[in-house]
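Residues per chain, in single letters:
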Amino acid sequence: MKLRVFTILAVALLCLAPTASLADLAPYSQDFEGLLDTTLDQPDQVELANDGWLVYVNVFGPDWGWWYGYGTFPAPNGGFGGPAFSAVVVGEGSPDQGDQQLSVYSDYNNGNQGDGSNAIIETNVFQEQQFIGAADVGNTWLFEFDAKRGNIEGASMARAFFKTLDPNAGYATTNYIPIDMTNIPDEWDHYSIAIFIDASLAGQILQFGFNNYASNYEGSGIFYDNINFGIAPLSVSMDIKPGSCPTPINAR
């Protein structure tokens, strides 16, 4: 399989860092092979939640003015598809992806999807680590994954992202580093995003995961698998200048 790796690097915006003792970032990997109860004898489908996956939703008006948000909640596992957020599904992989994959899509339980308001529902499904530690400073961390197109359609958009939040500034977003997944192929491919940890990020929260934007019940699903989060190889370039991070458009 030909791999197209899209790597985005960022240097954090300067901010005050706390001096308290901090935890360090921990590597994470998941192929979703063990995260589906195929007998459906767990009605709450808690496998994704037990693995640390979270969800948060922001709702915008058609002019992109922010209306409201809700979360953070444990991510549901819709099991063979469900009405909101996320599900572990079967049979969407090639040999490299195995039997089970993660599907991420909009919150179709939100009433604004079909009330004629043309509201834009931003759904975030992500892992969160608290906190970035002093030992992480100077490292580049990489978020890698396989992905293929699902049922995304119409005006829906999808992204993968890194985000950092400053708990000492009202959980303000200090970095939002996306990669556009909207128009990826129907075949599996490999993608990556990277973030450089400088001293200003010590004590902040790191999130990585996937989001989408959908209105009027339009399809928004993307399939993901073989997720890895860890320190990048030293050969990774770090030539992005301070201040070049994309402006965040969503909030925790």
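Being a predicted model, the structure only gives us computed values, none of them experimental.

Asks: What is the right way to read the overall build of the chain from this model?
Replies: Helix and strand counts for the chain stand at one helix and 12 strands. Within the span of the chain, comprising 252 residues, buried residues form 50% of the whole. By sequence separation, contacts in the chain at least 24 residues apart represent 76% of the contacts at least 6 residues apart. Surface accessibility of the chain: about 10,800 Å² in total, with carbon and sulfur atoms responsible for 55%.

Asks: What exactly am I supposed to notice about the nonpolar core here?
Replies: Side chains that are nonpolar tend, in soluble globular proteins, to be buried together. By size, the foremost hydrophobic cluster in this structure holds 44 residues, and its most contacted members are W53, F143, F145, F162, M181 and F210. Every residue in contact with M181, bar those within four places of it in the chain, is listed here: F145, A147, A158, R159, A160, Y191, I222 and Y224. I120, F161, Y176 and Y213 belong to the second-largest nonpolar core, a separate cluster that totals seven residues.

Asks: Any chance you could explain the side chain of T123 here in plain terms?
Replies: Here T123 is to be found in strand β6 (residues 120-130). Judged by relative accessible area, T123 falls into the buried class, the value being 0%. Reaching out from T123, the side chain makes a polar contact with the backbone nitrogen of D107 at a distance of 3.2 Å. Those residues in contact with T123 that sit more than four places away from it in its chain are Y56, V57, F85, Y105, S106, D107, F210, N211 and N212.

Asks: Honestly, the pairing of strand β10 (residues 189-196) in this entry has me stumped. Any pointers?
Replies: Put simply, side chains in a regular strand alternate between the two faces of the sheet. Across the eight residues that make up β10, a large majority, seven, are buried. Inspection of the sheet shows strand β7 (residues 140-149) paired to β10 by eight bridges, in the antiparallel sense. Considered in β10, the bridge of L142 is made with A194.

Definitions and limits used
- Residues numbered from 1 in each chain as written.
- Predicted model: local features only at pLDDT ≥ 70, side-chain atom pairs only at ≥ 80, totals over all residues.
- Heavy atoms only, no water.
- Helix = DSSP H or I, 4+ residues; strand = E, 2+ residues; numbered from the N terminus.
- Buried < 20%, exposed > 50% of the residue type's maximum accessible area, 1.4 Å probe, protein only.
- Contact = heavy atoms within 4.5 Å.
- Areas by Shrake-Rupley, 256 points an atom, 1.4 Å probe, with all protein chains shown as cover.
- Core = buried A, V, L, I, M, F, W, Y, C linked by side-chain atoms within 4.5 Å.
- Polar contact = N/O pair within 3.5 Å; in protein donor to acceptor, adjacent residues only side chain to side chain.
- Pairing = 2+ DSSP bridges.

That's the geometry; what it means functionally is another story.
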